[in-house]
Amino acid sequence: MSYVADPHELRRIAALLDDAQALLVSAGDRLSRVAVPPDPHHGEGPDIGSALVRFAHTYADETFALKVATEQLATGLRTSASAYEETDREAARAYRDAATPVGRRR
Amino acid sequence: MILPRHRIDELRAHHDALLGLPMTPPGMVEFAQLVTSAIALSRPLTVAEIEPGRVLVEAAKADLRRALELIQGATRALGSAGEGTTRDSAQRGLARLGDRVDVVAGYELHQPFAFGLSTIGEWVAYLNQELVRGRGVMAAALAGIAQLTDLRYFVPNEFGKSRAGAVLGILDCIAAYEHFDRTAVDAVTMLDERAADAMFQGDYDRLDPLSVLVR
């Protein structure tokens with residue numbers, strides 16, 4: 001199994017997810033602001049307005065949860081990018097050390 | 001919202017009162033009052049109160065679609081960003097996230113709201129059209145009665161014809177209201193069932209944000 005990744009590309013993808021997060025926040029915000037004035041006669045008939053508001057708020061919650069999931073994936077990609085870079089640095093250091101006689105190592 | 005049911009009850013009462021009117025000049029005066037009131041009770045409805053919500057939902061859907069495009073673009077880009085278990089795991093997570101956003105933006109959100117907001121506007125337009133027709137019939141009956149201005153020449157047959165016209169107009173309006181009311185009950189029931197399904201679907205833990213990915 002090989003582990004090869006381009007950290008710059010991973011960060012670019014994470015930035016795409018940042019943009020998606022902003023849109024999900026915007027969508028959730030709009031859905032949570034859906035409001036219909038209460039019906040003074042709601043006891044007499046079907047209250048379409050309240051049903052729509054309940055429904056919109058359910059979807060707002062779901063959209064915010066999707067935003068958090070997107071954020072976690074973006075964080076995971078950035079962490080992976082950093083881990084790849086650190087691994088590369090450690091490998092380069094080990095290679096340098098291996099190629100340098102013991103007495104001349106700093 | 002939208003349809004106050006008391007309008008139906010009052011119209012029914014007007015209908016019954018019209019049928020019980022005496023065929024006399026005083027009855028004609030009462031007729032004019034009842035029909036005027038029935039015309040007022042059959043005034044067109046408005047959907048202005050749901051319009052701001054419709055605009056918000058349309059904008060939210062557009063945001064969700066753009067977010068979906070970005071997530072799908074990220075999933076594709078990740079395919080050429082390298083290889084390994086981390087990449088594979090991230091790609092699977094992104095694909096599941098994209099699927100879920102697609103469901104929210106595309107079907108589950110779109111269908112009920114197309115049903116709930118845009119279609120409600122169409123229902124109200126249809127109802128208003130029927131109300132306008134019923135009001136026209138009642139107004140014609142009122143105009144017919146207005147021509148019998150000279151009570152010395154009161155003609156019971158003409159009064160009877162006007163009353164029949166007004167009763168038909170009221171019945172048209174009651175039928176249109178009842179049809180709208182039944183449709184609205186069905187819509188509310190369906191919306192509530194969908195919301196309940198969305199909340200209790202699978203083992204969804206609302207405190208775990210990533211659980212949306214495994215539903």
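Going by the structure above, here's the rest.
Worth saying up front: this structure is predicted, and the values here are computed from it rather than measured. (Residues numbered from 1 in each chain as written. Chains lettered and ligands numbered in written order. Predicted model: local features only at pLDDT ≥ 70, side-chain atom pairs only at ≥ 80, totals over all residues. Heavy atoms only, no water.)

**Q** When you look at the overall build of chain A in this model, what are you seeing that I'm missing?
**A** Regarding its fold elements, chain A presents 2 helices and 1 strand. Going residue by residue from the N terminus, the α and β elements of chain A occur as β-α-α. Considering chain A as a whole, with its 106 residues, one finds that 41% of them fall into the buried category. Look at the contacts in chain A between residues 6 or more apart in sequence, and 82% of them connect residues 24 or more apart. Approximately 5800 Å² of chain A is accessible, and the part contributed by carbon and sulfur atoms is 55%. (Helix = DSSP H or I, 4+ residues; strand = E, 2+ residues; numbered from the N terminus. Buried < 20%, exposed > 50% of the residue type's maximum accessible area, 1.4 Å probe, protein only. Contact = heavy atoms within 4.5 Å. Areas by Shrake-Rupley, 256 points an atom, 1.4 Å probe, with all protein chains shown as cover.)

**Q** Please explain the side chain of B:T75 as it appears in this structure.
**A** With respect to the helices, strands and loops of the structure, B:T75 is situated in helix α3 (residues 51-79). The residues touching B:T75, leaving out its near neighbours within four places in the chain, are B:Q91, B:L94 and B:A95.

**Q** I'm lost on the packing of helix α1 (residues 7-32) of chain A against helix α2 (residues 48-99) of chain A in this one. Help?
**A** Between two packed helices, what matters for the description is the angle formed by their axes and the separation of those axes. Residue and element names in this part refer to chain A. At a minimum axis separation of 8 Å, α1 and α2 run at an interaxial angle of 165°. Between α1 and α2, the interaxial angle falls into the category roughly antiparallel. Our pair here, α1 against α2, has a crossing hand that is left-handed. (Axes fitted to C-alpha atoms, helices over the stretch in contact; angles between N-to-C directions. Parallel < 35°, antiparallel > 145°, perpendicular 65-115°, else oblique. Left-handed = near helix turned anticlockwise from the far one by under 90°.)

**Q** Got a minute to help me understand the nonpolar core in this structure?
**A** Grouped burial of nonpolar side chains is what soluble globular proteins tend to show. Grouped together as the largest cluster of nonpolar side chains are 77 residues, with contacts concentrated most on A:L17, A:L77, B:L11, B:L18, B:F31, B:L94 and B:L97. Sort the elements by how many residues they give to this core and α2(A) lands first, with 15 residues. Once residues lying within four places of it in the same chain are set aside, the contact partners of B:L18 are B:F31, B:L34, B:V35, B:R163, B:A166, B:V167 and B:I170. (Core = buried A, V, L, I, M, F, W, Y, C linked by side-chain atoms within 4.5 Å.)

**Q** Explanation requested: the environment of B:D181 in the structure shown.
**A** Residues and elements named next belong to chain B. The residue D181 is located in helix α6 (residues 156-199) in this model. Here D181 falls in the buried class, since its relative accessible area comes to 10%. Sequence spacing of D181 and I8 is 173 residues, and the spatial spacing of their C-alpha atoms is 9.8 Å.

**Q** Whenever I open this one, the environment of B:H6 confuses me. Can you help?
**A** Inspection of the secondary structure assignment puts B:H6 in helix α1 (residues 6-19). For the pair B:H6 and B:L41, spaced 35 residues apart in sequence, the C-alpha separation works out to 9.4 Å.

**Q** Help me out: how do you make sense of the pattern of salt bridges in this one?
**A** Should the charged atoms of two oppositely charged side chains come close, the side chains can pair. Tallied over the entire structure, the rule returns 14 salt bridges over all chains. When the shortest N-O distance is used, the salt bridge between B:K61 and B:E58 registers 3.4 Å. Of the two residues, B:K61 and B:E58 both sit in helix α3, 3 residues apart, roughly one turn of that helix. A relative accessible area of 3% means that B:K61 is categorised as buried. Among the ionic pairs, B:R133 bridges to B:E130, the shortest N-O distance being 3.0 Å. You can see B:R133 and its partner B:E130 sitting in helix α5 (residues 110-146), 3 residues apart, about one turn around the helix. What you see here is one network of salt bridges that share partners, running through A:R30, B:D63 and B:R66. (Salt bridge = Lys/Arg side-chain N within 4 Å of Asp/Glu carboxyl O.)

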